[in-house]
Amino acid sequence: MKSMTLKLTAAAALVSVVAFGAQAAGVTVTIACGTVGQDFDFCKKAGDEWSAKTGNTVKHLTIPQSTSDILGLFRQMFAAKSTDLDVLNVDVVWPGIIKDQLLDLTPYTHGAEKEHFPAIVANNTVGGKLLAMPWFTDAGVLYYRKDLLAKYNEKAPTTWDELTATAKKVMDGERKAGNGDMQGFVFQAKAYEGLTCDAIEWVSSYGGGSIVDASGKVTVNNPQAVKALTTAAGWIGTIAPTGVLNYGEEDARGVFQKGNSVFMRNWPYAWSLSQGADSPVKGKVGVVALPRGDNGKTAAALGGWQLAVNKHSMHPKESADLVMYLTSAAVQKDRAIRGSYNPTIPVLYKDAEVLKANPFFGDLYDTFVGAVPRPATVTGVKYNEVSAAFWNATHDVLSGTAKADESLKKLEAKIESIRRGPKWQ
Ligand code: GLC
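Note that the coordinates shown come from a computational prediction; the quantities given were computed from them, not determined experimentally. (Residues numbered from 1 in each chain as written. Predicted model: local features only at pLDDT ≥ 70, side-chain atom pairs only at ≥ 80, totals over all residues. Heavy atoms only, no water.)

1. Observations regarding the domain arrangement of the protein
By a widely used convention, the size of an interface equals the accessible area lost when the partners come together. Selection criterion: Domain segmentation is taken from an automatic or database assignment of domains. The contact criterion used is simple: two residues touch if any of their non-hydrogen atoms lie within 4.5 Å. Computed with a 1.4 Å rolling probe, the buried area is the accessible surface lost when two parts are put together, summed over both parts. Every case where a carboxyl oxygen of Asp or Glu lies within 4 Å of a side-chain nitrogen of Lys or Arg is listed as a salt bridge.
Under the domain assignment used here, the protein contains domain 1 (21-138 + 302-369) and domain 2 (141-301 + 374-419). Each partner contributes to the interface: domain 1 provides 31 residues, whereas domain 2 provides 25 residues. Carbon and sulfur atoms make up 64% of the surface buried where domain 1 meets domain 2, a total of about 2,100 Å² over both sides. Among the residues domain 1 hides against domain 2, the three largest losses belong to Val93, Leu302 and Phe360. Together they make up 23% of the total. Summed over the shared surface of domain 1 and domain 2, the result is one salt bridge. Note that Asp91 and Arg374 form a salt bridge whose closest N and O atoms lie 4.0 Å from each other.

Here you go:
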């Protein structure tokens with residue numbers, strides 16, 4: 001009897017050593033979660049917290065800054081059925097494009113998606129499967145130099161014409177006063193997805209629609225869109241540097257944050273960086289809704305990122321657990337306060353600490369919930385092709401190689417040919 005007990009105890013000890021060993025080593029989950037602004041630092045911090053809680057390890061895959069380049073990279077990995085990546089950041093316009101590569105998260109969420117904006121959850125749900133959890137939302141906003149507008153007795157613009165006039169007045173004045181580097185307006189005009197966002201804001205704010213309407217009709221070739229793109233082309237080399245034709249988000253932020261532009265179009269992430277201890281424009285920046293064109297109203301492109309699990313992941317359970325942690329209210333609150341990332345959880349817009357750190361989250365709440373979606377749902381798997389056609393046609397107009405009316409006419413035909421037939425999907 002005694003020896004039997006001893007044997008059992010030894011066996012139990014062995015089992016517990018094995019179990020403990022497995023827990024201590026855990027698994028390694030590889031994540032790609034962005035490199036713009038403070039993306040990496042925040043993701044690393046929250047990933048480390050999850051590691052400490054679970055005993056698993058988080059490995060970070062470095063990815064490009066441009067969403068268009070990230071999509072290209074992920075598509076290559078998917079084509080190779082790669083297991084190198086477990087958790088990935090998913091742009092709001094991608095679910096229809098990469099739907100076949102993502103794990104259905106429904107069994108892992110325990111209903112947590114109900115805390116998030118229903119429109120984003122709907123965007124991330126394809127064929128009844130929840131393919132990604134909302135992580136942060138985005139909308140284009142206008143940053144301006146409070147100190148410079150006060151100096152020149154100007155107000156934040158509400159129309160593009162006002163922006164053009166104020167940018168020129170302040171820029172000319174500052175240049176005369178000795179700052180030869182001063183620009184009027186910086187934004188994203190490189191040929192990539194970011195230009196699609198900026199240009200959809202211009203076109204939509206002129207009442208010119210959003211490229212393809214919800215019924216699938218190609219609407220982009222219209223007189224208001226022509227006006228919008230013609231107006232934007234007029235900024236290049238006047239209030240905006242010609243170099244803007246090669247700017248992404250971080251290029252625009254670099255110029256503005258150094259103190260060398262009166263206005264900047266960017267996403268909310270740029271706010272916390274502009275208020276950082278080392279920022280030359282700390283305390284000098286205001287944020288308002290983007291201006292409107294004639295016949296139109298302010299329009300912000302809807303952006304944002306989700307987290308998803310690669311369906312080829314060897315660690316689906318742990319990967320989904322990491323996704324649930326990173327998208328939780330606690331992590332979103334921290335990211336909002338310290339990184340001005342817009343939460344996807346409505347109650348956080350009523351949180352005093354979040355609002356104190358980001359006053360514009362309250363003032364511009366309608367902008368965030370009423371932002372203009374790109375036509376990703378209706379065009380589905382073909383969205384990237386449509387967007388690329390749009391950003392290229394816009395880039396041609398901005399760089400002066402085509403007139404807006406000709407470019408939009410050609411674009412309409414091109415988008416029709418991408419659709420091939422009467423229906424998108
Ligand atoms: C931001 C937005 C994203 C958009 C991208 C364009 O990251 O959140 O939705 O596609 O900018 O550059």
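There's plenty left to go through after this.
2. Remarks on the pattern of salt bridges
Rule in force here: Going along the chain from the N terminus, every DSSP run of H or I of four or more residues is numbered as a helix, and every run of E of two or more is numbered as a strand. Exposure classes here rest on a 1.4 Å probe applied to the protein chains alone. A residue is buried below 20% of its type maximum, exposed above 50%, and partly exposed in between.
Here the structure, examined in full by the defined rule, presents 17 salt bridges. The salt bridge involving Arg374 is made with Glu193; its shortest N-O contact spans 2.7 Å. With Arg374 in the loop between helix H17 (365-369) and helix H18 (376-379) and Glu193 in helix H9 (residues 193-205), this residue pair connects regions lying 181 residues apart in the sequence. Summarising the burial analysis for this pair, Arg374 and Glu193 share the class buried. Glu353 is the salt-bridge partner of Lys333, the closest N and O atoms lying 2.8 Å from each other.

3. A short note on the site of the ligand
Put simply, the test is: Proximity criterion: a residue is near a molecule or strand once any of its heavy atoms comes within 4 Å of it. Between N or O atoms, a polar contact is any pair within 3.5 Å; within protein, one atom must be a potential hydrogen donor and the other a potential acceptor, and residues adjacent in sequence are included only when both atoms are from side chains. Here the accessible surface of atoms and residues is derived via Shrake-Rupley with a 1.4 Å probe, and residues count as covered only by protein chains that are part of the display. Only Asp, Glu, Lys and Arg are considered charged in this grouping, and only Ala, Val, Leu, Ile, Met, Phe, Trp, Tyr, Cys and Pro are considered nonpolar; every other residue, Gly among them, is considered polar.
For the ligand, the set of nearby residues contains 13 residues, the closest of which are Asp91, Asp138, Glu249, Gly304 and Arg374. Between the ligand and Trp267 there is a distance of 3.1 Å, counted from an oxygen atom to a side-chain nitrogen or oxygen. A distance of 2.9 Å is found between an oxygen atom of the ligand and a side-chain nitrogen or oxygen belonging to Trp305. Protein contact buries 92% of the 310 Å² of open area that the ligand shows by itself. Secondary structure elements with two or more residues in the shell around the ligand: H9 and strand E11 (302-309). Among the elements that take part in the shell around the ligand, E11 stands out by supplying three residues, more than any other. For the shell around the ligand, a count of residues per class yields four nonpolar, four polar and five charged. Residue assignment places the shell around the ligand across two domains, with domain 1 (21-138 + 302-369) and domain 2 (141-301 + 374-419) each supplying three or more.

4. Let's talk about the packing of aromatic side chains
Under the convention used in this document: We call Phe, Tyr and Trp rings a pair once their centres come within 6.5 Å, taking the six-membered ring for Trp, and we label the pair stacked below 30 degrees between planes, edge-to-face above 60, and tilted otherwise.
For the coordinates displayed, the defined rule picks out 21 aromatic pairs. Both rings, one in Trp271 and one in Phe360, keep their centres 5.6 Å apart while their planes meet at 75 degrees; by these two values the pair is edge-to-face. On the criterion of sequence distance, the pair formed by Trp271 in helix H12 (residues 269-274) and Phe360 in helix H16 (residues 359-363) is long-range, its members being 89 residues apart. In terms of burial, Trp271 and Phe360 fall into one category: buried. Note on Phe360 and Phe368: the rings are 6.3 Å apart at their centroids and 50 degrees apart in plane angle, and the pair reads as tilted.

5. A word on the sheet that holds strand E10 (residues 285-288)
To keep things clear, this is the line we draw: By this definition, two strands are paired if DSSP reports at least two bridges between them. Interaxial angles span 0 to 180 degrees and are taken between N-to-C directions of axes, which are lines fitted to C-alpha atoms, for helices over the stretch in contact.
Read from one edge to the other, the open sheet built from four strands follows the order E8-E9-E7-E10, with strand pairing classed as mixed. Either end of the sheet is taken by a strand with one partner, and the two such strands are strand E8 (183-186) and E10. Each strand of the sheet is rotated relative to its neighbour by a mean of 15 degrees, with strand direction disregarded. Sheet topology note: the E8/strand E9 (residues 261-266) ladder contains three bridges and is parallel. Directly across from Val186, in E9, lies its bridge partner Met264. Sheet strands touched by helix H11 (residues 249-257): strand E7 (141-145), E8, E9 and E10. Its angle to E9, the strand with the most contacts, is close to 155 degrees.

6. With respect to the environment of Lys44
Residue position: Lys44 is located in helix H2 (residues 39-54). Look at Lys44 and you get partly exposed, because its relative accessible area is 33%.

7. Regarding the packing of helix H10 (residues 223-233) against helix H19 (residues 383-398)
Each packed pair of helices is defined by two parameters, the angle between the axes and the distance between the axes. For clarity, the cut-off: Note on angle classes: values under 35 degrees are labelled roughly parallel, values over 145 roughly antiparallel, values of 65 to 115 roughly perpendicular, and the remainder oblique. What makes a crossing left-handed is the near helix being turned counterclockwise from the far one by less than a right angle; a clockwise turn instead makes it right-handed.
Running from N to C, H10 and H19 cross one another at 50 degrees; their axes reach a closest spacing of 8 Å. With respect to H19, the axis of H10 lies oblique. When you trace H10 past H19, the crossing you get is right-handed. Between H10 and H19, the contacting residues are Leu229, Ala232 and Ala233 on the first element and Thr394, Val397 and Leu398 on the second. For the contact of H10 with H19, a count of residues per class yields five nonpolar, one polar and no charged.

8. Comments concerning helix H8 (residues 160-176)
So the rule is basically this: Residue count minus one, scaled by 1.5 Å, sets the expected span of a helix.
Helix length check: H8, at 17 residues, gives a terminal C-alpha distance of 24 Å against a target of 24 Å (1.5 Å per residue), a fit within 8%. Summarising the contacts, the buried residues of H8 are in contact with E7, helix H7 (146-151), E8, H9 and E9. The first or second residue beyond H8 is Gly178, which carries a positive phi of 120 degrees.

9. Considerations on the nonpolar core
Heads up, the condition is: Note on terminology: a nonpolar core comprises buried Ala, Val, Leu, Ile, Met, Phe, Trp, Tyr and Cys residues joined through side-chain atoms within 4.5 Å.
Residues Phe74, Trp94 and Trp202 are the most contacted members of the largest nonpolar core, which totals 131 residues. Residue contributions to this core peak at nine residues, all from H19. Looking at this core, you find at least three residues from each of domain 1 (21-138 + 302-369) and domain 2 (141-301 + 374-419). With near-sequence residues (within four places) excluded, Phe74 lies in contact with Ala32, Ile63, Leu85, Leu88, Asn89 and Trp94.

10. Here we look at the state of the cysteines
Worth spelling out the cut-off: Only a pair of cysteine sulfur atoms within 2.5 Å counts as a disulfide in this structure description.
Here the structure, examined in full by the defined rule, presents one disulfide. Shown here is the disulfide that connects Cys33 with Cys43, its sulfur atoms set 1.9 Å apart. Because the sign of the S-S torsion sets the handedness, a value of about -105 degrees for the bond joining Cys33 and Cys43 places this disulfide among the left-handed ones. In this pair, Cys33 is assigned in the loop between strand E1 (28-32) and H2 and Cys43 in helix H2, connecting sequence segments ten residues apart. For the pair Cys33 and Cys43, a shared accessibility class is recorded, and that class is buried.

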